[in-house]
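# Structural overview
Residues per chain are reported as follows:
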Amino acid sequence: FFEGYGDHRDLHSFPPRRSSDLNGDLSVLRAGTNHLICLADNPRDRRFQVTCYQESLEPFMARGRELRAQGKRGRERQRIRSAEIDAGLIEMPSRASAISLYGIGEIDSRTGWPDSVTTLQVLYLPYATAEETGFSDRPSRTSAYLMDAGTARAHLMIPGDRRKFRPHDPIRRR
């Protein structure tokens, strides 16, 4: 589906794929055999986004979806999850865990396809600091940087490039 934008087949097994229905409920599209969970694009959202992440992040990610469904946004959702992590209610991985995001772009109403695809790699490093990692904690569109340094949500943002979307799959979004 994302010709030239990364391929997880080299992991020798396949992640489970989950998709949101029009009510926002997740369903399993395909059972997986490895350590990744992939979420298909949400048809209710104008953005086009596919996410794959290490299964040890599922409690954190699932809680984020629950809070979003309750209408919690941005910093409020971060504050709640941080408090729950600190209270031991959400278990975070004890070592680095990765997330890959694909396709953060608007859907072209004329074609039904996203106008562009952006890749972003995220590496969760709970409680990591700029000093111990050597990465800046200042956001950058072109260089890796540490976000939420010193917290349980600390993660390395590794920006990718934005490319014109070139579909090779006949499935169109309606």
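Quick summary incoming for the structure in this document. (Residues numbered from 1 in each chain as written. Predicted model: local features only at pLDDT ≥ 70, side-chain atom pairs only at ≥ 80, totals over all residues. Heavy atoms only, no water.)

Here we take up the overall build of the chain. When its secondary structure is counted, the chain shows three helices and eight strands. The secondary structure elements of the chain, listed N-terminal to C-terminal, are β-β-β-β-α-α-β-β-α-β-β. Here the chain holds 174 residues, and 39% of them are scored as buried. Considering only contacts within the chain whose residues lie at least 6 apart along the sequence, 50% involve residues at least 24 apart. Carbon and sulfur atoms make up 50% of the accessible area of the chain, which amounts to about 10700 Å² in all. (Helix = DSSP H or I, 4+ residues; strand = E, 2+ residues; numbered from the N terminus. Buried < 20%, exposed > 50% of the residue type's maximum accessible area, 1.4 Å probe, protein only. Contact = heavy atoms within 4.5 Å. Areas by Shrake-Rupley, 256 points an atom, 1.4 Å probe, with all protein chains shown as cover.)

For S100, the position within the fold is in strand 5 (residues 97-106). Looking at S100, its side chain comes within polar contact range of the side chain of Q121, at 2.9 Å. (Polar contact = N/O pair within 3.5 Å; in protein donor to acceptor, adjacent residues only side chain to side chain.)

Let us look at the pairing of strand 8 (residues 155-164). Note that strand 6 (residues 116-124) and strand 8 share eight bridges and pair antiparallel. Considered in strand 8, the bridge of Y124 is made with H155. (Pairing = 2+ DSSP bridges.)

It is worth spelling out the state of the cysteines at this point. Here the structure, examined in full by the defined rule, presents one disulfide. For C38, the disulfide goes to C52, at an S-S distance of 2.2 Å. Of note, the bridge from C38 to C52 carries an S-S torsion of about 110° and is right-handed in sense. Here C38, found in strand 3 (residues 36-39), pairs with C52, found in strand 4 (residues 47-54); they are 14 residues apart in sequence, far enough to count as distant. The exposure classification of C38 matches that of C52, with both residues buried. (Disulfide = S-S within 2.5 Å.)

Right, let's get into helix 2 (residues 74-86). Between its first and last C-alpha, helix 2 extends 18 Å over 13 residues, near the 18 Å set by a 1.5 Å rise per residue. Within helix 2 the residues assigned to the buried category are R77, I80, R81, S82, E84 and I85. The secondary structure elements touched by the buried residues of helix 2 are helix 1 (58-69). (Expected span 1.5 Å × (residues − 1).)

Moving on to the nonpolar core. Counting 17 residues, the largest nonpolar core has Y53, L57, F60, I99 and Y124 as its most contacted members. When contributions to this core are tallied by element, the ones reaching two or more residues are strand 3, helix 1, strand 5 and strand 6. Considering each element in turn, this core owes the most residues, three residues, to strand 6. Setting aside residues up to four positions removed in sequence, Y124 forms contacts with L57, F60, M92, R95, A96, S97, I99, R153, A154 and H155. (Core = buried A, V, L, I, M, F, W, Y, C linked by side-chain atoms within 4.5 Å.)

Let us look at helix 1. Between the first and last C-alpha of helix 1 there are 16 Å, a value that for 12 residues agrees with the 16 Å anticipated at 1.5 Å per step. For helix 1, the complete set of buried residues consists of E58, F60, M61, A62, R63, G64 and L67. Taken from the residues just after helix 1, G71 is the one with a positive phi, measuring 90°.

Two numbers describe how helix 1 lies on helix 2: the axes approach to 10 Å, and their chain directions differ by 135°. In this view, helix 1 runs oblique relative to helix 2, as classed from their interaxial angle. Considering only the axes of helix 1 and helix 2, their crossing is right-handed. Side by side, helix 1 and helix 2 meet where F60, M61, R63, G64, L67 and R68 of the first sit next to R77, I80, R81, E84 and I85 of the second. Along the lines of polarity and charge, the residues of the contact of helix 1 with helix 2 split into five nonpolar, one polar and five charged. (Axes fitted to C-alpha atoms, helices over the stretch in contact; angles between N-to-C directions. Parallel < 35°, antiparallel > 145°, perpendicular 65-115°, else oblique. Left-handed = near helix turned anticlockwise from the far one by under 90°. Nonpolar A, V, L, I, M, F, W, Y, C, P; charged D, E, K, R; others polar.)

The next thing to look at is unusual backbone geometry. Its identity as a non-glycine residue notwithstanding, Y127 has a phi of 70°, on the positive side. Along the chain, the position of Y127 falls in the loop between strand 6 and helix 3 (130-133). Its identity as a non-glycine residue notwithstanding, D148 has a phi of 60°, on the positive side. In this structure, D148 sits in the loop between strand 7 (145-147) and strand 8.

Purely spatial values, then, with no claim about function.
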